[in-house]
Amino acid sequence: MAIRKELKTVALLMFLLGFGVLLLGAISLSGTGATLLDFFKSLSVQFGFIVISVLAYSTSLFADKLLGIGKNKLFHIWTGIVIGFGYIFISGLIPGFSIAVPLLNLAISDNLKFLVIGIIAPVVESVAILGVLLGLLKTKFKPLTAIILTGLIASMYHLGSYLLNLYSYSFSQGLLGFGANISVFISAFIFFTFSGYLVNLKAYKGLLVSIVLHIVVNIFVYTKFAIIFAFVLGLL
């Protein structure tokens with residue numbers, strides 16, 4: 001099976017993104033005492049996603065199930081922006097609905113944290129989760145089932161991003177952590193299930209709309225969190 005040009009483009013973009021992140025990390029670590037290995041470890045999951053995405057989009061194993069960036073890019077961008085702000089607005093109306101900020105290692109500078117959370121994570125997760133994972137699941141399940149399973153897996157991954165050392169918890173500790181952060185799990189499940197449905201609609205058939213939607217939500221949440229944090233520090 002031949003690999004479509006748009007899939008090769010995604011593979012190339014992910015490779016360049018990984019190289020660019022390493023370069024930015026090396027620059028940001030200057031004078032901090034941290035090493036590039038510390039930086040790599042702090043973003044090991046993201047780099048893992050990048051490697052998996054490059055490999056998946058460079059081979060023809062299930063190329064027919066993979067999504068490219070999309071054709072009508074301007075339409076996708078504006079749709080992603082509108083839906084992103086709509087998602088933020090609706091989430092603010094629902095009691096207990098939580099959009100959290102993931103925990104990042106101290107080896108990442110504050111300026112780079114904004115870039116990682118606001119830009120890099122949305123791109124990497126959209127390609128790895130809604131591109132590779134969903135594409136792989138579609139080879140085994142019907143589209144709707146694959147979308148729901150993708151939402152569940154992505155939710156568990158995000159729960160681990162919000163709870164420090166979640167995967168080292170005992171079963172009982174894990175249940176307590178899950179129960180205390182159920183709103184985060186539900187929020188992530190709704191987000192990725194909806195995004196999975198969106199990128200597979202005939203009007204889109206591409207990842208760009210999800211990437212933009214994810215960027216809008218993450219930047220809003222991160223900047224809101226940063227403003228609150230700065231305000232609290234000012235009161236101390």
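Please read all numbers here as calculations on a predicted model, not as lab measurements. (Residues numbered from 1 in each chain as written. Predicted model: local features only at pLDDT ≥ 70, side-chain atom pairs only at ≥ 80, totals over all residues. Heavy atoms only, no water.)

Chemist: Account for the overall build of the chain, with residues named and values stated.
Modeler: Along its length, the chain carries 9 helices and 0 strands. Reading the chain from its N end, one meets helices and strands in the order α-α-α-α-α-α-α-α-α. Looking at the 236 residues of the chain, the share that counts as buried comes to 44%. Sequence-distant contacts, at least 24 apart, represent 76% of the contacts inside the chain between residues at least 6 apart. When the accessible surface of the chain is totalled, it reaches about 12,800 Å², and 74% of it is carbon and sulfur. (Helix = DSSP H or I, 4+ residues; strand = E, 2+ residues; numbered from the N terminus. Buried < 20%, exposed > 50% of the residue type's maximum accessible area, 1.4 Å probe, protein only. Contact = heavy atoms within 4.5 Å. Areas by Shrake-Rupley, 256 points an atom, 1.4 Å probe, with all protein chains shown as cover.)

Chemist: Pulling in residues and values, what's your account of the packing of aromatic side chains?
Modeler: Taken as a whole and judged by the stated rule, the model has 4 aromatic pairs. Between Y87 and F191, the ring centres sit 5.4 Å apart and the planes meet at 75 degrees, which makes this aromatic pair edge-to-face. Residue Y87 is located in helix 4 (residues 73-93), and its partner F191 is located in helix 8 (residues 182-199); the two are separated by 104 residues in the primary sequence. Classification of F191 by relative accessible area gives buried; the value is 6%. For the pair F191 and F192, a centre-to-centre distance of 5.3 Å together with 80 degrees between the ring planes defines the contact as edge-to-face. Ring-pair connections join several aromatic residues into one group, and the members of that group are Y87, F191 and F192. (Phe/Tyr/Trp six-rings, centres within 6.5 Å; stacked < 30°, edge-to-face > 60°.)

Chemist: Explain the environment of K205 to me, using residue names and the numbers behind them.
Modeler: One can find K205 in the loop between helix 8 and helix 9 (208-235). Taking relative accessible area as the criterion, K205 reaches 42% and is therefore assigned partly exposed. A sequence separation of 129 residues divides K205 from H76, and the C-alpha atoms of the two residues are 9.9 Å apart. Among all residues touching K205, those that are not within four sequence positions of it are L67, G70, V199 and N200. Within polar-contact distance, the side chain of K205 engages the backbone oxygen of N200 at 3.5 Å. (Polar contact = N/O pair within 3.5 Å; in protein donor to acceptor, adjacent residues only side chain to side chain.)

Chemist: So, the side chain of S126: which residues are in play, and what are the values?
Modeler: Tracing the sequence through the fold places S126 in helix 5 (residues 110-138). Among the polar contacts listed, one links the side chain of S126 to the side chain of S210, at a separation of 3.4 Å.

Chemist: Tell me about the environment of T59, and name the residues and values.
Modeler: Turning to its location among the elements, T59 is positioned in the loop between helix 3 (44-58) and helix 4. Taking C-alpha positions, T59 is 9.0 Å from K8, a pair spaced 51 residues apart along the chain. Engagement of the side chain of T59 in a polar contact is seen with the backbone oxygen of L55, the distance being 3.2 Å. From its side chain, T59 meets the backbone oxygen of A56 in a polar contact 3.4 Å long.

Chemist: Please give an account of helix 1 (residues 5-28) that cites residues and values.
Modeler: Here helix 1 contains 24 residues, and its C-alpha end-to-end distance of 34 Å stays within 8% of the 34 Å for a straight helix at 1.5 Å per residue. Within the sequence span of helix 1, burial applies to L7, V10, A11, M14, G18, V21 and G25. (Expected span 1.5 Å × (residues − 1).)

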